[in-house]
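Coordinates in review
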Amino acid sequence: GKYEKARQLGKKIKKVRNNYEKDFTSDNLRKRQMATAVYLIDRLALRAGHEKGEDEADTVGTCTLKVENVAVVEPSAIMLDFLGKDSIRYTNTVEVDPRVYRNIKTFLKKKKPQDMLFETFDAAALNKELKAIMPGLSAKVFRTYNASSSLDEALWSDASNGIAEKDSIFKKAVYERANKDVAVLCNHQRCVPKTHSAQMQRLSEKIKELKDKKKENGALTEKQKEQLKKLKTQKKLKEELKQVALGTSKINYLDRRTSAHGAAERLTQRE
């Protein structure tokens, strides 16, 4: 399935990147635009962006970016602002390869706000190009590959920073934070859940209770100290993740072999 494809891409990723980067400076405008679009799909986890059906909201992706959705920010960043899948607004200012910056600046010139950023091809042509790079390659395979590898990196760095405590709450925190990086990469946002403030309130009360106990008794038992630490971790995590739809990336992009099982295994090996 897609994880298999993502693994295949992982083996070839250096070659794939070298190839499209060569075209950043091609004399052929279509090649230059195509390479720039593939870069955005690879590095920013953007969707390809297909033409909408009658019943669908206007979903913008790489191929349907209009001039009004893109701005350049000196010296080498671009700012994207568009309505993505499920009409969720995507706004992101991100440093890009200087050649990509120069290209986008050129593609924006002498165009009206409603004009296409990439006028030389459509989503069908882009998908054909991706398949030519590697059979079965799609924007989704790029997303899956980058999501799995960024999860992997985040887990590794957290594990090696000694957060690998035996405690499952902390393991979960490590995993969820790494997951958050992926969800942010893939722009899986959600509205803050209605229950959020009540849950935060409850955690705050429990924390206050323990702190008051500490004042009265002068010290907490080991068990209470541990509990306080857990509650603080949970509260911090809840706040950090309130607008991130973690479920989406877990269901769609995270290779089970990379994720919970692998992480737990690696954390255990370190212990």
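Before any of the text, the structure's been laid out above.
The notes below deal with the structure included here. Note that residues are indexed from 1 along each chain, following the sequence as it is written. In keeping with the predicted nature of the model, local features appear solely for residues at pLDDT of at least 70, side-chain atom pairs appear and are counted solely at 80 or more, and the whole-chain, interface and lining totals rest on all residues. Heavy atoms from the whole structure form the basis of all side-chain values; hydrogens and water molecules are not counted.

1. Observations regarding unusual backbone geometry
Here the amide bond leading from Glu74 into Pro75 is cis, since omega sits at -5°, within 30 degrees of zero. Helix numbers and strand numbers start at the N terminus; a helix is a DSSP run of H or I with at least 4 residues, a strand a run of E with at least 2. Tracing the backbone shows Pro75 in the loop between β1 (70-73) and β2 (77-83). For Lys110, which is not glycine, the phi torsion reads 55° and is therefore positive. Looking at the secondary structure, you find Lys110 in the loop between α3 (98-108) and α4 (123-133). Here the term buried applies to any residue with accessible area under 20% of the maximum for its type, exposed to any over 50%, and partly exposed to those in between, with areas from a 1.4 Å probe on protein chains only. Residue Lys110 is classed as exposed on the basis of its relative accessible area, which comes to 90%.

2. Thoughts on a positive patch on the surface
Residues enter a patch when their relative accessible area is above 30% and they make no salt bridge; the linking distance is 9 Å between like charges and 5 Å between nonpolar side chains (Val, Leu, Ile, Met, Phe, Trp, Tyr). Residue-level accessible areas treat just the shown protein chains as cover; the underlying method is Shrake-Rupley with a 1.4 Å probe. The working definition used for a salt bridge is a side-chain nitrogen of Lys or Arg within 4 Å of a carboxyl oxygen of Asp or Glu. The positive count covers Lys and Arg only, the negative count covers Asp and Glu only, and His and the chain ends enter neither. The atoms used to mark charge sites are NZ of Lys, CZ of Arg, CG of Asp and CD of Glu. Taken together, Lys211, Lys214, Lys215 and Lys232 make up a surface patch of like positive charges. The element contributing the most residues to the positive patch is helix α7 (residues 196-217), with 3 residues. If you trace the backbone, Lys214 turns up in helix α7.

3. With respect to the environment of Glu239
Residue placement: Glu239 occurs in helix α8 (residues 222-240). A residue is classified by how much of its surface remains accessible, and Glu239, at 35% relative accessible area, is partly exposed. The sequence separation of Glu239 and Ser197 amounts to 42 residues, and the corresponding C-alpha distance is 9.6 Å. Any two residues having at least one pair of non-hydrogen atoms within 4.5 Å are treated as being in contact. Setting aside chain neighbours within four positions, we find Glu239 in contact with His196 and Met200.

4. Here we look at helix α2 (residues 29-44)
The periodicity of an α-helix, 3.6 residues per turn, causes residues three or four positions apart to be oriented the same way. Its 16 residues place the ends of α2 22 Å apart at the C-alpha level, agreeing with the 22 Å of an ideal helix rising 1.5 Å per residue. α2 sits mainly inside the fold: 12 of its 16 residues count as buried. For α2, the set of buried residues is Arg32, Gln33, Met34, Ala35, Thr36, Ala37, Val38, Tyr39, Leu40, Ile41, Asp42 and Leu44. Whenever a nitrogen or oxygen atom comes within 3.5 Å of another N or O atom, the pair is scored as a polar contact, on the condition that within protein one atom can donate a hydrogen and the other can accept it, and that pairs from neighbouring residues in sequence are kept only if both atoms are in side chains. Capping the start of α2 is the job of one residue whose side-chain oxygen sits 2.8 Å from the backbone nitrogen of Arg30: Asn28. To estimate how far a helix should reach, multiply one less than its number of residues by 1.5 Å.

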